[in-house]
Amino acid sequence: MSRKDPTYDGDELLARLGSLTSRAREHAELQRSQVELALALQRGMLPTEMPTAPGYQLAVRYVPAYHGLNVGGDWYDAFHLPDGRIGLCIGDVQGHNIEAAAFMGQVRVGLRALAFVTSEPGELLARTNDLLLSLGADLFATCTFLRLDPSTGLLESARAGHIPCVWATADGKSGIGSDEGGPPLGVQAGATYPVTRYRLTTGGVLVLLTDGVVEGPSMTVDQGLDQVVRLAGIAAVAGLKAGSLAAAVIRGADQVGHEDDAAVLVIGHAGTEARQ
């Protein structure tokens, strides 16, 4: 009895390959659509203008960097409060997908709405934390909220598991914020958030940022923060505008080799007209 080799139908093989290629293309199109939607959510939920106050400068830089099909959930916000002070915040949502981008919008809108009920930073973060827990979401967010009084230069800060701020003064002093902080938002019921006070003097700057600016495969968070401290110190002594410092900090983020969003918010006390 002779045994013949099995024969393959070339047309059937081509049809199967064509079907697999079509499915792969459809999957790629779906993933790309989700990334585009997440990026659109990010852009649509970030403020288009910064509030103004005589003698102060606010500047932001935001790079919605993503790797492959991952999209982050960093955000920033700044707005006038009913009593004439200014609320400022920056944050980062856990995860890198469309759910993270949507959750970012919920956190930002919820925090801004609650700020018109109470703008005391510690109480505001505590209420936002309770709100997120009541929604039953599986995600959490880190955040820093500051309240600036333009009449005195007083900055009140509360931090929820977020990267500390960086400060510098015109007389050459600079460093990393030492506020204690509390847990991320949406993690622990009944969490409290201590408030730390800073005084922004003429020529001084305070820098808020997300971890994509200072931490990545090529740089530890301590190294990244030290780099921002040096840049802030140089900017304050040289009297550079807040926008120039924000641009320098975001350029430095290229060195960390990150695959995440990068956001920077700079508050500067110009006093007199700052130099370009």
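Our structure is the block above this text.
Predicted, not measured: the structure shown is a model, and the values here were computed from it.

1. With respect to the pattern of salt bridges
Here's step 1: Counted under the stated rule, the structure contains eight salt bridges.
Here's step 2: Between D83 and R85 there is a salt bridge; the shortest N-O distance is 2.7 Å.
Here's step 3: The closest approach of N and O atoms between R85 and E156, which form a salt bridge, is 3.7 Å. Of this pair, R85 sits in the loop between β2 (74-80) and β3 (86-93) while E156 sits in strand β5 (residues 154-160), and the two are 71 residues apart along the sequence.
Here's step 4: The partly exposed category is assigned to R85, whose relative accessible area is 22%.
Here's step 5: When its relative accessible area of 7% is taken as the criterion, E156 is described as buried.
Here's step 6: In this structure, a network of salt bridges that share partners links the residues D83, R85, R147, E156 and R197.

2. What to know about the environment of Y198
Here's step 1: Structurally, Y198 can be placed in strand β8 (residues 195-199).
Here's step 2: Judged by its relative accessible area of 14%, Y198 is buried.
Here's step 3: It is 6.4 Å that separates the C-alpha atoms of Y198 and E156, two residues lying 42 residues apart in sequence.
Here's step 4: Other than its neighbours up to four places away in sequence, Y198 contacts G153, L154, L155, S157, C165, G177, S178, D179 and L206.
Here's step 5: A polar contact is formed between the side chain of Y198 and the side chain of D179, at a distance of 3.1 Å.

Conventions we followed
Residues numbered from 1 in each chain as written. Predicted model: local features only at pLDDT ≥ 70, side-chain atom pairs only at ≥ 80, totals over all residues. Heavy atoms only, no water. Salt bridge = Lys/Arg side-chain N within 4 Å of Asp/Glu carboxyl O. Helix = DSSP H or I, 4+ residues; strand = E, 2+ residues; numbered from the N terminus. Buried < 20%, exposed > 50% of the residue type's maximum accessible area, 1.4 Å probe, protein only. Contact = heavy atoms within 4.5 Å. Polar contact = N/O pair within 3.5 Å; in protein donor to acceptor, adjacent residues only side chain to side chain.

Read these as layout, nothing more, since geometry by itself doesn't imply function.
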